[in-house]
Amino acid sequence: MFVDCDDAVKENIIETLLKPAKEQDLDIVMGAHDLVKKKDGMITEIIPNIYPQKNLLGYKNGDEIMNYAGLPWAKVYKRKLFEQVRFFPGYWYEDTIIQSLLFTQCESFAYMPTVIYDYSWHESNFSHTQGGKNQPKAVDRYWLLSAIAKQYEKMGLPIDAKFYTMLLKHISMYYYRTIATLPEEVIQAMFVAGRELLLKYKPDEKVKLPYMLRLTEKAVLENNIELWKLCSVNQ
């Protein structure tokens, strides 16, 4: 179980997550969390259960776990999932491994709607640093995805519709938003690099995709960077 240094957990977090994990022999059990906004060390707002149980993409390839937040905390994992997985040092967005290398291994999971975690959001939060304008290190998005894809293959995991859907999602809704304020020539280069990475892992068979990811795929296949931008900010 992971906990960020500036967050807080509820008293019942361990029991809430471990009880179903042991009773049902689950690979991953995850719980809900509140968003706690702070300023100058004082709580200014608490937004309860900030994420819905599932997002709106609606995965269609038997990979329902991908509908849930790929955050490392508010979860317990079977140790076996980490046998060949480690966080990649030196990169931003290291949480990407949760969906790409852990969720893809997961054979059984449960979501507990009980709020068990308080996620702190404040002025010195690293998410603000990452989300700032003109951050050259935002290009880590591509290099991390490339490293993850290589590790995925090394682990012998299937290059299938599930992996392709996950990669398509990350090369759209997460990828563009983090580089949107960089110079246009950098954005274009990142689009080309991301497109090449995605096409490398595209299955031969047609993949069932949610509507917005179908449009994103269309943008990539047709090399349409403006459509890709539009799709990426509307997911």
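Here the structure is shown first, and the text comes after it.
Now for a quick tour of the structure. Just so it is clear, the model here is predicted, and its values are computed rather than measured.

### A word on the pattern of salt bridges
Enumeration according to the criterion identifies ten salt bridges in this entry. With a shortest N-O distance of 3.0 Å, Lys229 and Glu184 are connected by a salt bridge. A residue pair is termed long-range when its members are at least 10 positions apart, and Lys229 in helix α8 (residues 225–232) and Glu184 in helix α6 (residues 184–200) qualify at 45 residues. Under the relative-accessibility criterion, Glu184 is labelled partly exposed at 33%. One continuous salt-bridge network, built from bridges that share partners, spans Asp25, Asp27, Lys78 and Lys80.

### Concerning the packing of helix α2 (residues 96–103) against helix α4 (residues 140–154)
Between α2 and α4, the least distance of the axes is 10 Å, while the angle of their chain directions is 15°. Classified by the angle between their axes, α2 and α4 sit roughly parallel to one another. Handedness of the α2/α4 crossing: right-handed. Between α2 and α4, the contacting residues are Thr96, Ile97, Ser100 and Leu101 on the first element and Arg141, Leu144, Leu145, Ile148, Gln151 and Tyr152 on the second. In terms of residue class, the contact of α2 with α4 is built from six nonpolar, three polar and one charged.

### Quick look at unusual backbone geometry
Excluding glycine, most residues fall at negative phi; most peptide bonds, likewise, are trans. Of note, the phi angle at Ala74 is positive, near 60°, even though the residue is not glycine. Classification of Ala74 by relative accessible area gives buried; the value is 2%. The backbone phi angle of Tyr93 is positive, close to 65°, even though this residue is not glycine.

Calculation rules
- Position numbers for residues start from 1 in each chain and track the written sequence from start to end.
- Given that this is a predicted model, residues contribute local features only at a pLDDT of at least 70 and side-chain atom pairs are listed and counted only at 80 or more, while totals for whole chains, interfaces and linings are drawn from all residues.
- Side-chain calculation: all heavy atoms of the structure are included, whereas hydrogens and water are not.
- When a carboxyl oxygen of Asp or Glu is within 4 Å of a side-chain nitrogen of Lys or Arg, the pair counts as a salt bridge.
- Helix and strand definitions here come from DSSP, where helices need a minimum of 4 consecutive H or I residues and strands a minimum of 2 consecutive E residues; each element is numbered from the N-terminal end.
- Here's how the labels work: a residue is buried when its accessible area is under 20% of the maximum for its type, exposed when over 50%, partly exposed in between, all with a 1.4 Å probe on protein chains only.
- Think of each axis as a best-fit line through the C-alpha atoms, taken over the contacting stretch in the case of a helix, with angles from 0 to 180 degrees between the N-to-C directions.
- Here the word oblique covers every angle except those under 35 degrees (roughly parallel), over 145 (roughly antiparallel) and from 65 to 115 (roughly perpendicular).
- In this scheme the handedness of a crossing depends on how the near helix is turned from the far one: anticlockwise by less than a right angle means left-handed, clockwise means right-handed.
- Residues count as neighbours in contact if any of their non-hydrogen atoms are within 4.5 Å of one another.
- The nonpolar class holds Ala, Val, Leu, Ile, Met, Phe, Trp, Tyr, Cys and Pro. Asp, Glu, Lys and Arg form the charged class, and all remaining residues, Gly among them, are polar.

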